[in-house]
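# Geometric and topological summary
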2 protein chains.
Amino acid sequence: MPSATDVSLPADPPTATGDLLVDYADVAAARARLDGVVRRTPVMTSRTVDQEVQAEVFFKCENFQRTGAFKIRGGYNALSQLPPDQKERGVLTYSSGNHAQAIALSGRLLGVPATIIMPENAPAVKLEATRGYGATIITYDPATTTREELAQEVSTERGLPIIPPYDHPDVVAGQGTVADELFDEVGALDVLLVCCGGGGLLSGCAIAAKHHAPDCTVIGVEPARADDATRSFHSGELHTVHNPDTIADGARTPYLGKVTFPLVYEYADDMVTVSEEALRAAMFFLWERMKIVVEPTGALAAAALLDGVVPGDHRRIGAVISGGNVDLKRAAALFQDA
Amino acid sequence: MPSATDVSLPADPPTATGDLLVDYADVAAARARLDGVVRRTPVMTSRTVDQEVQAEVFFKCENFQRTGAFKIRGGYNALSQLPPDQKERGVLTYSSGNHAQAIALSGRLLGVPATIIMPENAPAVKLEATRGYGATIITYDPATTTREELAQEVSTERGLPIIPPYDHPDVVAGQGTVADELFDEVGALDVLLVCCGGGGLLSGCAIAAKHHAPDCTVIGVEPARADDATRSFHSGELHTVHNPDTIADGARTPYLGKVTFPLVYEYADDMVTVSEEALRAAMFFLWERMKIVVEPTGALAAAALLDGVVPGDHRRIGAVISGGNVDLKRAAALFQDA
């Protein structure tokens, strides 16, 4: 299988030392805005996991979130703060899936018309769910088209503001409420593991973690085949990937953003990668032993732990399960080798 | 596909009007025994389900129970009350799967050696898990052998008492703690839906339901292809099935028992059946929309609701999700037509 190739850097590339545009007060404000709108998702534990990795593990299960993933938190937080005229005109976004549903549902809840640019190879369940929430969908071929550029064109043409899937302060603040709830429920943690695509969830959760438990080690987890953020984090310079061949479709984002790169660089303590095999095995484990449906991206944090990339060491470890939107018929094929 | 054929009645058949050997005090005592041993499983709700069926639905999720199903409740309750010499000698049981794991784990927790008679076509995940708990397994061909008879032979030969999967007062009382916890958590319900194989879970839950909410309508749910309990309930006379061809492997039991038939007849208000298609669709729905892994038998109660066999009618409805032990590779095949 082909591995990811680098894309050329964007014209005005994000830097590690850009402005820090989100702080804990933003996360706290988002939490208040989301109260009664998003679900306070359960924290699950498993004796089997604890024995297997020799740690006390707390899974924050955003697969049980409305729309099946954490993205509704950032999407709703952003849309709810738009001025009235923009709410009336509507918004535009691009997404490999979960952010699409988040904006579609947030739009419906807030009366904001939503137009979504989605890759034509997105899981069918995500395309259907997004349409089901009443959004207008535009599809594109990810092998030949850059979604950011297409979004710019459509935005200009139709006069719609773009709510990007991660590189926006309100989106980051919304995603941070995942960790905020987790710490409220289980207290201090030694380690927090968060999957990383464009860094919205990771940076938001890192900000919340450092507020609740300054000594908590926050670790971002990427697929080895889409390790742009890991390389960017370790080098301090932006690295990119182009259409990487990983089952973790939520982590196929080409690079960290202007908002997220400085935040990840400042607040995360480390970044690690997991193999496709480890990811598939973790996903299988979560389904079979914990009885929860988790999408590949949603199993990244657990994979780092179950595969031993991050050792348990008898610590209290939080791991975010980011979503559960997976085409069940496709998942079956993944499990044939697990 | 062949439908179920009746087996001849057992020599000394259970009757609807036999003694009522379990009451709520037994359920309450079981609850105390199980405290700290079994998991108090979560009650899940879904806006999607509520809208779809026009009711307020509470799913009691025993798929998250230790061993992946409710059976540990009855198994542990029974084993923990054995006299010391029997505990030392060990126990024998027969099971299509979940009761096997329940007895295996209970045996390990209580230091009681367990021997389990299992059908050779039981899901691989159940065979493996049972072995993993340290039990000795004897397999048989369900097409040619009656497990009850084989168990009698082995019991006599090895001097081991049989802990049957449902027809035992301590087992019934243990299973009743499922509904006991549900009512404690959500208060009174208008309807409680419980799947029915041999009637252990149904009768235990019905006893608890009538204690907490005397007006609650308790409805047992069977596959249409294994409708022995439904026919027995409606006629007051024992009906049987032989090796019925249903995906709900936990409901392939041939008939209600001496303990469970009178209890189901007394405490349940109705029994209904669902088609294989409705069952498959409900299972798919629970996985895809609620993100929980549910085995076919575990989806029976939900299927009655989602298929409209039991109307929502804006009522408060409890539905027991009895387990989540399913071979993921086999489940995939089921979903191809869903």
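Residues numbered from 1 in each chain as written. Chains lettered and ligands numbered in written order. Predicted model: local features only at pLDDT ≥ 70, side-chain atom pairs only at ≥ 80, totals over all residues. Heavy atoms only, no water.

### Topic: the pairing of strand S6 (residues 191-195) of chain A
Residue and element names in this part refer to chain A. Here S6 lies mainly inside the structure; five of its five residues are buried. Across the two faces of S6 the burial is the same, with Val 191, Leu 193 and Cys 195 and Leu 192 and Val 194 all buried. Direction of pairing for S6 relative to strand S7 (residues 217-223): parallel, over a ladder of five bridges. Residue Val 194 lies in a different strand from S7, and its bridge partner there is Gly 220. The handedness of the S6 to S7 crossover, carried by helix H9 (residues 200-212), is right-handed. The pairing of S6 with strand S9 (residues 316-321) spans three bridges and is classified as parallel. Counted as the bridge partner of Val 191 is Ile 317 from S9. (Buried < 20%, exposed > 50% of the residue type's maximum accessible area, 1.4 Å probe, protein only. Helix = DSSP H or I, 4+ residues; strand = E, 2+ residues; numbered from the N terminus. Pairing = 2+ DSSP bridges. Right-handed = clockwise from strand over helix to strand, strands pointing away.)

### Quick look at the packing of H9 of chain A against helix H11 (residues 260-267) of chain A
Residues and elements named next belong to chain A. Where H9 contacts H11, the two axes come as close as 9 Å, and the packing angle between them is 40°. With respect to each other, H9 and H11 are oriented oblique. As for how H9 packs across H11, the hand of that crossing is left-handed. Of the residues in H11, those touching H9 at Gly 200, Leu 202, Ser 203, Ala 206, Ile 207 and Lys 210 are Thr 260, Leu 263, Val 264 and Tyr 267. Counted by class, the contact of H9 with H11 contains six nonpolar, three polar and one charged residues. (Axes fitted to C-alpha atoms, helices over the stretch in contact; angles between N-to-C directions. Parallel < 35°, antiparallel > 145°, perpendicular 65-115°, else oblique. Left-handed = near helix turned anticlockwise from the far one by under 90°. Contact = heavy atoms within 4.5 Å. Nonpolar A, V, L, I, M, F, W, Y, C, P; charged D, E, K, R; others polar.)

### Describing the relation of the copies chain B and chain A
Taken as rigid bodies, chain B and chain A are interconverted by a rotation of 180° and an axial shift of 0.0 Å, the fit giving an RMSD of 0.0 Å. What we have between these two chains is a two-fold relation. Here 100% of the contact residues of chain B are again contact residues in chain A; the copies associate through an equivalent surface. (Least-squares fit on C-alpha atoms with pLDDT ≥ 70 in both.)

### Thoughts on the interface of chain B and chain A
Facing the 27 residues of chain B at the interface are 27 residues of chain A. The junction of chain B with chain A conceals about 2300 Å² of combined surface from both sides, 57% of it contributed by carbon and sulfur atoms. Taken as a group, Lys 291, Leu 328 and Lys 329 of chain B account for 31% of the area that chain B buries against chain A, more than any other trio of residues on that side. When contributions to the side of chain B that touches chain A are tallied by element, the ones reaching two or more residues are helix H13 (276-290) and helix H15 (328-335) of chain B. Tallied by class, the residues present in the side of chain B that touches chain A amount to 13 nonpolar, eight polar and six charged. (Buried area = accessible area lost by both parts, 1.4 Å probe.)

### A closer look at the packing of aromatic side chains
This model, assessed by the stated rule, comprises nine aromatic pairs over all chains. Centre to centre, the rings of Phe 261 of chain A and Tyr 265 of chain A are 6.2 Å apart; their planes meet at 80°, and the pair counts as edge-to-face. Highlighted residues: Phe 261 of chain A and Tyr 265 of chain A, both in helix H11, separated by four residues, approximately one helical turn. One aromatic cluster is present, formed by Phe 284, Trp 287 and Phe 335 of chain A together with Phe 284, Trp 287 and Phe 335 of chain B through successive ring pairs. (Phe/Tyr/Trp six-rings, centres within 6.5 Å; stacked < 30°, edge-to-face > 60°.)

### Comments concerning unusual backbone geometry
Phi is positive for His 314 of chain A, close to 55°, though the residue is something other than glycine. A residue is classified by how much of its surface remains accessible, and His 314 of chain A, at 64% relative accessible area, is exposed. Located in the positive-phi region is Asn 243 of chain B, a residue other than glycine, with phi close to 45°. In this structure Asn 243 of chain B comes out as partly exposed when scored by relative accessible area, which is 38%.

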